[in-house]
Structure formats: structure tokens, C-alpha cells
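One letter stands for each residue in the lines below.
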Amino acid sequence: SSRMAKSSFEYVKSFEIEDVLLPNTWIVVRLDGKCFHKFSDDHNFSKPNDIRALKLMNYAAFIVINEFNDLLMAYGQSDEYSFIFKKNSSLYKRRAAKLLTTVNSKFSSSYVYYWSKFFGDEKLKYPPTFDGRIILYPSEENLIDYMKWRQADVHINNLYNTTFWTLVLRGDLSPMQAKKRLCGTVSADKNEILFKEFNINYNNEPEIFKRGTLLIRKTLPDASNEKSYSIIVDTHCDMLKDKFWEEHANLLSIKSSKVKNFYNGPITE
Ligand code: ATP
Ligand code: ATP
Ligand code: MG
Ligand code: MG
Ligand code: MG
């Protein structure tokens with residue numbers, strides 16, 4: 001109340017620390033599940049890739065993008081999601097804590113809220129936790145390298161995990177033996193193990209496993225052609241190729257549409 005606001009206690013407000021982020025830089029918010037190694041075991045995720053879990057992550061990220069017009073795109077893999085705000089965003093006056101906590105909170109609550117939409121009868125046994133951080137990137141090159149870094153991480157991890165779990169589940173090795181077998185191997189060795197011993201062509205693995213998911217806004221003309229509207233789509237593009245960034249140059253600066261967004265990705269199924 002206004003009586004409280006003018007009280008002699010009000011000085012405590014001045015203890016709050018300013019956390020306004022540097023202007024004119026891309027704001028990246030990255031969330032990561034806490035102890036998802038255990039969480040995935042506790043909820044019977046299939047190994048190495050549980051598609052239900054990936055779809056739930058994507059859907060929770062879609063809810064976040066839909067909420068904040070200033071979000072250009074989001075990229076997710078495993079138990080993490082990165083959200084990229086446009087350079088000139090003034091959302092929450094660029095206050096770091098506000099941005100990080102609202103994005104994390106909306107994502108985390110959506111993950112729980114929509115759990116059964118993807119997991120059906122598999123019960124959520126306890127509330128999951130996500131940590132979060134903010135990173136600022138001053139140049140296009142840095143931001144693109146960030147996206148490449150996260151996608152390269154999926155590639156390395158997924159090739160390892162696919163080979164590891166194939167050796168365990170189909171090659172009858174113990175986890176310890178599989179780990180030993182893969183120690184010191186390079187990508188080509190793992191591809192060869194999969195192909196020669198198990199007749200698996202790694203290239204034919206699902207794109208979502210190999211590349212993670214990039215959620216982007218697509219602007220489409222309205223049927224009447226008078227105003228455009230944007231939708232959010234999930235893609236599994238190869239962001240490591242410079243060609244991708246040449247063809248999607250608008251991603252880094254796209255003007256967010258005021259018109260309502262809706263989701264048409266196949267991941268709602
Ligand atoms: P931290 O709290 O430090 O992040 P963590 O156990 O979450 O610890 P991460 O490096 O984030 O460690 O790894 C996430 C782990 O969650 C993966 O190693 C994998 O075991 C599991 N995981 C996440 N998503 C999936 C999925 N879709 N399918 C199967 N397992 C998954
Ligand atoms: P924190 O305790 O701050 O969470 P972390 O080690 O979990 O530290 P993240 O930034 O969460 O760091 O790392 C996410 C992923 O990025 C890791 O799973 C790893 O694959 C990769 N990674 C982390 N640090 C490095 C690094 N210095 N060089 C290369 N890859 C890294
Ligand atoms: Mg971490
Ligand atoms: Mg984690
Ligand atoms: Mg992780």
C-alpha cells in the first residue's frame with residue numbers, strides 16, 4: 001500500500017542490486033536439467049534417446065517462445081535449451097534476474113504441466129529442477145559460433161551414446177566393457193563399429209537425435225494477403241554449415257510479429 005511505500009522501512013529497497021544487461025548484445029538464456037542422469041533413470045527414459053522427453057522439452061520451449069515476442073529462436077538437445085533474445089530487446093528493461101527467472105520458470109512449469117501429454121501413464125515422480133544462466137554475445141560471429149558449439153556437442157555425445165548403448169543392449173557388453181571398448185576411439189571408429197558389427201548406418205539415425213531441435217519463427221502471408229502472421233516451427237537443420245546461416249540471415253534480426261503465434265510442429269502429437 002502507499003502507506004507502506006512511504007514507511008521508514010523503505011530504505012531496504014536500495015539494497016537491491018542493479019543487473020541491467022549490456023545494450024545491443026544478443027541475450028542467450030540457457031537452461032539445463034539438474035541431475036537428469038538420475039531423473040532420466042527414475043522415469044525410465046529409453047537410452048540413449050527418449051523421444052518423449054525430447055518432445056516435451058521442445059513443447060515447453062515452444063510455450064516460452066510463444067510468450068516472449070523478443071525471442072528470435074531456441075535450440076534444444078538432451079536436457080538443455082537455449083533461448084536467444086533479439087539484440088535490441090528491452091524486455092524487463094534488460095534486467096538479468098527478471099529475464100532468467102521468468103524464462104526458467106515458464107519453461108519448468110510447462111515441463112511439468114505438459115508431462116502427461118507426452119509421457120502418458122508414466123508418472124512424474126518428483127518435481128524436476130532446471131538451472132539457468134545468461135550469456136551475452138556482441139557479434140553475429142560469436143552468436144553463430146555459440147549455436148554451432150551446442151550442436152557440435154549433440155553430435156559428439158550422440159555418436160558416443162548411440163555406440164555405447166548399442167554395445168550394451170545388442171552387443172551384450174557390460175557398461176564397463178563398452179566404456180573400455182570406446183576409450184580412445186575417434187568418430188570414424190564409432191561409425192565403423194556401428195556399421196560393421198551392428199549394420200547400423202549412423203547417418204540414418206533420426207535427425208532430432210543427431211542434431212537437436214531449432215525452434216524458429218516463420219512468417220507467412222495471411223490468406224487475405226493483407227497482414228502476415230508468424231508460426232513457430234521445429235527444425236533439425238545442420239547449423240554447423242555456414243550455408244545455413246547464409247540462408248537464414250534474417251533469423252538474427254527478424255522483426256517479431258505482433259500477430260498471434262501458433263504452433264504447427266509435429267511434436268504436439
Ligand atoms: P547436471 O545437473 O550437472 O546438469 P546431469 O545429470 O543433468 O547433471 P547433463 O550433462 O546435463 O548431466 O546430462 C543430462 C543427462 O540426462 C544425459 O547424460 C542423459 O543421461 C539424460 N538425458 C537427458 N535427456 C535425455 C533423453 N531425451 N533421453 C535419454 N536420456 C536423457
Ligand atoms: P556448471 O557447473 O556451471 O553448470 P558445466 O561444466 O555443467 O558447469 P555447462 O556450461 O553446463 O558447464 O556445460 C554444458 C556442456 O558444454 C557440457 O556437457 C560439455 O559438453 C560442454 N562444455 C562445458 N565446458 C566446456 C569447455 N570448457 N570446453 C568445451 N566444452 C565444454
Ligand atoms: Mg551444467
Ligand atoms: Mg543436466
Ligand atoms: Mg545437459
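Definitions and cut-offs
- Residues numbered from 1 in each chain as written.
- Chains lettered and ligands numbered in written order.
- Predicted model: local features only at pLDDT ≥ 70, side-chain atom pairs only at ≥ 80, totals over all residues.
- Heavy atoms only, no water.
- Near = heavy atom within 4 Å.
- Polar contact = N/O pair within 3.5 Å; in protein donor to acceptor, adjacent residues only side chain to side chain.
- Areas by Shrake-Rupley, 256 points an atom, 1.4 Å probe, with all protein chains shown as cover.
- 1 Å grid on protein atoms, 1.4 Å probe; cavity = no way out; pocket = protein on both sides within 12 Å on 5 of 7 lines; lining within 4 Å.
- Sits in = over half its atoms within 2 Å of the grid points.
- Helix = DSSP H or I, 4+ residues; strand = E, 2+ residues; numbered from the N terminus.
- Nonpolar A, V, L, I, M, F, W, Y, C, P; charged D, E, K, R; others polar.
- Donors = N, O, S within 2.8 Å, 3.2 Å for Na, K, Ca; no water.
- Buried < 20%, exposed > 50% of the residue type's maximum accessible area, 1.4 Å probe, protein only.
- Pairing = 2+ DSSP bridges.
- Points joined across faces, edges and corners; volume = space filled by probe spheres on them.
- Phe/Tyr/Trp six-rings, centres within 6.5 Å; stacked < 30°, edge-to-face > 60°.
- Lys NZ or Arg CZ within 6 Å of the ring centre and 35° of its normal.
- pLDDT = per-residue confidence, 0-100.
- Contact = heavy atoms within 4.5 Å.
- Axes fitted to C-alpha atoms, helices over the stretch in contact; angles between N-to-C directions.
- Parallel < 35°, antiparallel > 145°, perpendicular 65-115°, else oblique.
- Left-handed = near helix turned anticlockwise from the far one by under 90°.

Draft legend 1. How the structure looks around the site of ligand 1. As a matter of local geometry, ligand 1 sits amid 17 residues, with D32, C35, F36, H37 and D50 nearest to it. Note that an oxygen atom of ligand 1 is positioned 2.8 Å from one of the backbone N or O atoms of F36. Here ligand 1 has 630 Å² of accessible area as a free molecule, and 68% of this is covered by the chains. Given that more than half its atoms are within 2 Å of the pocket grid, ligand 1 belongs to the largest pocket. Listing elements by their share of the shell around ligand 1, those giving two or more residues are strand 1 (26-33), helix 2 (36-42) and helix 3 (51-67). Among the residues forming the shell around ligand 1, the class breakdown is 6 nonpolar, 6 polar and 5 charged.

Draft legend 2. Broad picture of the coordination of the magnesium ion (ligand 4). Those donors, D32 (OD), G33 (O) and D79 (OD), are the protein atoms that reach the magnesium ion (ligand 4), and they lie 2.1 Å from it. Each donor residue of the magnesium ion (ligand 4) lies on the same chain, and together they follow the pattern D-G-x45-D. The metal-metal distance between the magnesium ion (ligand 4) and the magnesium ion (ligand 3) is 5.4 Å. Look at D32 and you get partly exposed, because its relative accessible area is 22%.

Draft legend 3. Seen up close, the pairing of strand 3 (residues 80-85). Summarising burial for strand 3: 6 of the 6 residues are buried, a large majority. The alternating pattern of strand 3 places E80, S82 and I84 on one face and Y81, F83 and F85 on the opposite face, and all of these are buried. When strand 1 meets strand 3, the two strands line up antiparallel, connected through 6 bridges. Note on strand 3: the bridge partner recorded for V28 is I84. Sheet topology note: the strand 2 (residues 71-77)/strand 3 ladder contains 6 bridges and is antiparallel. From the neighbouring strand, A74 faces strand 3, where its bridge partner is F83. The turn joining strand 2 and strand 3, which pair antiparallel and follow one another in sequence, is formed by 2 residues; a positive phi near 50 degrees is taken by S78.

Draft legend 4. Local environment of the site of ligand 2. R30, R133, W149, R150 and D153 make up every residue found near ligand 2. Within the side chain of R133, an N or O atom sits 2.8 Å from an oxygen atom of ligand 2. At 3.2 Å from an oxygen atom of ligand 2 is found a side-chain nitrogen or oxygen belonging to R150. Protein chains shield 33% of the accessible area of ligand 2, which is 610 Å² for the free molecule. Ranked by the residues each element gives to the shell around ligand 2, the list is headed by helix 6 (residues 140-169), at 3 residues.

Draft legend 5. Fine view of the layout of surface pockets. Quantified by volume, the largest pocket comes out at close to 790 Å³. Around the largest pocket sit 33 residues that line it, and K47, P48, S78, D79 and N161 are the ones nearest its centre. Secondary structure elements with two or more residues in the lining of the largest pocket: helix 2, helix 3, strand 2, strand 3, helix 6 and helix 9 (207-211). Looking at the lining of the largest pocket, the element that brings in the most residues is helix 6, giving 7 residues. For the lining of the largest pocket, the class distribution of residues is 14 nonpolar, 13 polar and 6 charged.

Draft legend 6. A look at the packing of aromatic side chains. Under the defined criterion, the tally for this structure stands at 26 aromatic pairs. When the ring centre of Y59 is taken as origin, the NZ or CZ atom of K117, which lies over that ring, is 5.1 Å away. When the ring centre of W149 is taken as origin, the NZ or CZ atom of R150, which lies over that ring, is 4.2 Å away.

Draft legend 7. A look at the confidence of the model for the protein. On average, residues of the protein carry a pLDDT of 92, and 92% of them reach 70 or more. Counted against residues more than four places away or in other chains, residues 256-262, with its pLDDT under 50, gives 21 contacts.

Draft legend 8. Molecular detail of the side chain of N104. Looking at where N104 falls in the secondary structure, it is placed in helix 4 (residues 96-113). Overall, the relative accessible area of 13% leaves N104 in the buried class. Reaching out from N104, the side chain makes a polar contact with the backbone oxygen of F130 at a distance of 3.0 Å. Leaving out residues up to four positions away in the same chain, N104 has contacts with L31, F130, D131 and G132.

Draft legend 9. Highlighting the packing of helix 3 against helix 4. For the pair helix 3 and helix 4, interaxial distance at closest approach is 9 Å and the crossing angle is 135 degrees. Relative to helix 4, the element helix 3 is oriented oblique. Seen along the crossing, helix 3 lies across helix 4 with a hand that is right-handed. Residues L56, M57, A60, A61, I63, V64 and E67 of helix 3 form the contact with helix 4, whose participating residues are V103, K106, F107, S110 and Y111. Residue classes in the contact of helix 3 with helix 4 are distributed as 9 nonpolar, 1 polar and 2 charged.

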